[in-house]
Amino acid sequence: MAKTSDQYFLYDGIPFPCIAHNEESLDFARNMFQVCDDDVYSITYPKSGTTWMQELLTLIYSNGDQTLSRSVPNWERVPWIEQVSAQMYVPKLTSPRLITSHLPLQLFPKSFFTSKAKVIYTMRNPKDVCVSLYHYCQLVLFLENPQDFDVFLSSFLEGDVLLGSWFDHVQSWLGTKDQVNILFQTYEELLQDLRGSVVRICNFLGKELDEAAIDSVVENATFKTMKDNKMTNYSLVPSDFMDHEKGSFLRKGISGDWKNQFTEAQSERFDQIYQEKMKEMKGLESMFTWDKP
Ligand code: A3P
């Protein structure tokens, strides 16, 4: 294991924040963790809609009732398997377990590949991911604080940010589309049609919710409702870890915010690499429902 800085260490070549992970927690997730057939995994590259999917899954499995989503923090009710805290939260889950992960495919629990567990993989326009991550890194005090967006953009394009390259992450999971029980969801589809997306997710999960329950899931998973829910908006995180004065975790909740951040030259630089990487993902472009860069 190599330490890249005080904030990150490399595991299998991928930078992980020291604050929440160590070699044992990642080894455990990959080699020892026992996936159950009725588990539901929400997988994302960071800043792609992780918290939103945690809220949606909680509400769907509560039939629209908000008691759980209003009383237990998101990281406890849909915990990350790769984090050190998994040892504390995962054993408390009841079936069907709802579990979060940022792991790329090659680091995901081996036992998943012989199970019938379901995965929802949520993706977002990588330009918006990059902007959201840039602001997030300024908010949290346990990550390198990027002073300059241009430098951060280069790190993002090189995969030298937490969880490595967006391109590699997405490509690794898209490659499973005909092999495992997986639903691909985009952040942009959630924004455009939250109700339609909830129905689609319910169909995938085999959850039959009546109209009133679906309405309640939708109402309780809007940006505004989640921003007001202290079990979801990260306001419970102590200020030693998150500088709440600097901004909010639920920051803007829109698509296309990159246009407010990128210069034309930065956008062109991004597009060039995007087009190059997309060649490796030929035939899968239709899954990317955001505006073409
Ligand atoms: P922004 O920083 O662009 O606002 P993650 O949970 O994967 O870390 O992603 C966080 C991003 O998702 C943030 O994006 C946050 O505002 C956005 N988000 C979370 N819940 C949302 C919701 N209900 N509607 C729209 N965006 C949401």
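Not measured: the values here are computed from a predicted model.

Let's talk about the sheet that holds strand E5 (residues 98-101)
In a beta sheet, neighbouring strands are held together by backbone hydrogen bonds and run either parallel or antiparallel to one another.
Okay, step 1: What the 4 strands build is an open sheet, ordered E5-E4-E6-E7; its pairing is parallel. One side of each edge strand has no neighbouring strand; the edge strands of this open sheet are E5 and strand E7 (181-186). Across the sheet, the mean angle separating the axes of adjacent strands is 20 degrees when strand polarity is ignored.
Okay, step 2: Across 6 bridges, strand E6 (residues 118-123) lies against E7 in parallel orientation. Bridge assignment links Met-123 to a residue of E7, and that residue is Thr-186.
Okay, step 3: Helix H8 (residues 166-174) rests against strand E4 (40-44), E6 and E7 of the sheet, and its axis sits at about 145 degrees to E6.

Quick notes on the nonpolar core
Okay, step 1: In this structure, Tyr-41 and Trp-166 are the most contacted members of the largest nonpolar core, which totals 93 residues.
Okay, step 2: Tyr-41 has contacts with Phe-33, Val-35, Ile-81, Arg-97, Ile-99, Phe-108, Ala-117, Lys-118, Val-119 and Ile-120, leaving out every residue within four places of it along the chain.

Focus on the layout of surface pockets
Okay, step 1: Each pocket or cavity is described by its volume, and for the largest pocket that value is around 1200 Å³.
Okay, step 2: Looking at the lining of the largest pocket, the elements with two or more residues in it are helix H2 (50-61), helix H6 (126-139), helix H9 (187-192) and helix H12 (223-228).
Okay, step 3: Take the lining of the largest pocket: its biggest share by element is 5 residues, from H6.

Some words on the pairing of E6
Okay, step 1: Counting buried positions along E6 gives 5 out of 6 residues, so the element sits mostly inside the fold.
Okay, step 2: Inspection of the sheet shows E4 paired to E6 by 5 bridges, in the parallel sense. Counterpart to Tyr-41 in the pairing with E6 is Val-119.

Digging into the site of the ligand
Okay, step 1: Around the ligand, the surrounding shell holds 18 residues, and the nearest of these are Thr-50, Thr-51, Ser-132, Tyr-187 and Lys-252.
Okay, step 2: Separating an oxygen atom of the ligand from a side-chain N or O atom of Arg-251 is a distance of 2.9 Å.
Okay, step 3: Contact with the protein chains removes 97% of the 570 Å² of surface that the ligand exposes when unbound.
Okay, step 4: Put simply, the ligand lies in the largest pocket.
Okay, step 5: When residues of the shell around the ligand are traced back to their parent elements, those giving at least two are H2 and H12.
Okay, step 6: Among the elements that make up the shell around the ligand, the one with the highest residue count is H2 (3 residues).
Okay, step 7: Taken together, the residues of the shell around the ligand break down into 7 nonpolar, 7 polar and 4 charged.

Notes on the packing of aromatic side chains
Okay, step 1: Throughout the structure, instances matching the rule amount to 29 aromatic pairs.
Okay, step 2: When the ring of Tyr-136 is compared with that of Phe-249, the centres are 5.8 Å apart and the planes differ by 90 degrees; the resulting orientation is edge-to-face. Here Tyr-136, found in helix H6, pairs with Phe-249, found in the loop between H12 and helix H13 (264-278); they are 113 residues apart in sequence, far enough to count as distant.
Okay, step 3: Tyr-136 sits in the buried class, given a relative accessible area of 15%.
Okay, step 4: With relative accessibility at 17%, the residue Phe-249 sits in the buried group.
Okay, step 5: Between Phe-262 and Phe-270, the aromatic rings sit 5.7 Å apart at their centres with planes inclined by 70 degrees, giving edge-to-face as the arrangement.

Side note on helix H1 (residues 23-32)
Okay, step 1: When we look at burial in H1, the residues that qualify are Ser-25, Leu-26, Ala-29 and Arg-30. Angularly, the buried residues of H1 cover 120 degrees about the axis, an arc narrow enough to put them on a single face. Across H1 from its buried face, at more than 90 degrees, point the exposed residues Glu-24 and Met-32.
Okay, step 2: The distance from a side-chain oxygen at the start of H1 to the backbone nitrogen of Glu-24 is 3.1 Å, and the residue carrying that oxygen is Asn-22.

Focus: the pairing of strand E2 (residues 8-11)
Every other side chain in a regular strand lies on the same face of the sheet, so the side chains alternate between the two faces.
Okay, step 1: As paired strands, E2 and strand E3 (residues 14-17) are joined by 4 bridges and run antiparallel to one another. In the sheet register, Tyr-8 faces E3, and the bridge partner there is Pro-17.
Okay, step 2: Here E2 folds back onto E3, and the loop between the two strands holds 2 residues, one of which, Asp-12, carries a positive phi near 55 degrees.

What counts as what
Residues numbered from 1 in each chain as written. Predicted model: local features only at pLDDT ≥ 70, side-chain atom pairs only at ≥ 80, totals over all residues. Heavy atoms only, no water. Pairing = 2+ DSSP bridges. Helix = DSSP H or I, 4+ residues; strand = E, 2+ residues; numbered from the N terminus. Axes fitted to C-alpha atoms, helices over the stretch in contact; angles between N-to-C directions. Contact = heavy atoms within 4.5 Å. Core = buried A, V, L, I, M, F, W, Y, C linked by side-chain atoms within 4.5 Å. Buried < 20%, exposed > 50% of the residue type's maximum accessible area, 1.4 Å probe, protein only. 1 Å grid on protein atoms, 1.4 Å probe; cavity = no way out; pocket = protein on both sides within 12 Å on 5 of 7 lines; lining within 4 Å. Points joined across faces, edges and corners; volume = space filled by probe spheres on them. Near = heavy atom within 4 Å. Polar contact = N/O pair within 3.5 Å; in protein donor to acceptor, adjacent residues only side chain to side chain. Areas by Shrake-Rupley, 256 points an atom, 1.4 Å probe, with all protein chains shown as cover. Sits in = over half its atoms within 2 Å of the grid points. Nonpolar A, V, L, I, M, F, W, Y, C, P; charged D, E, K, R; others polar. Phe/Tyr/Trp six-rings, centres within 6.5 Å; stacked < 30°, edge-to-face > 60°. Arc of directions from axis to C-beta.

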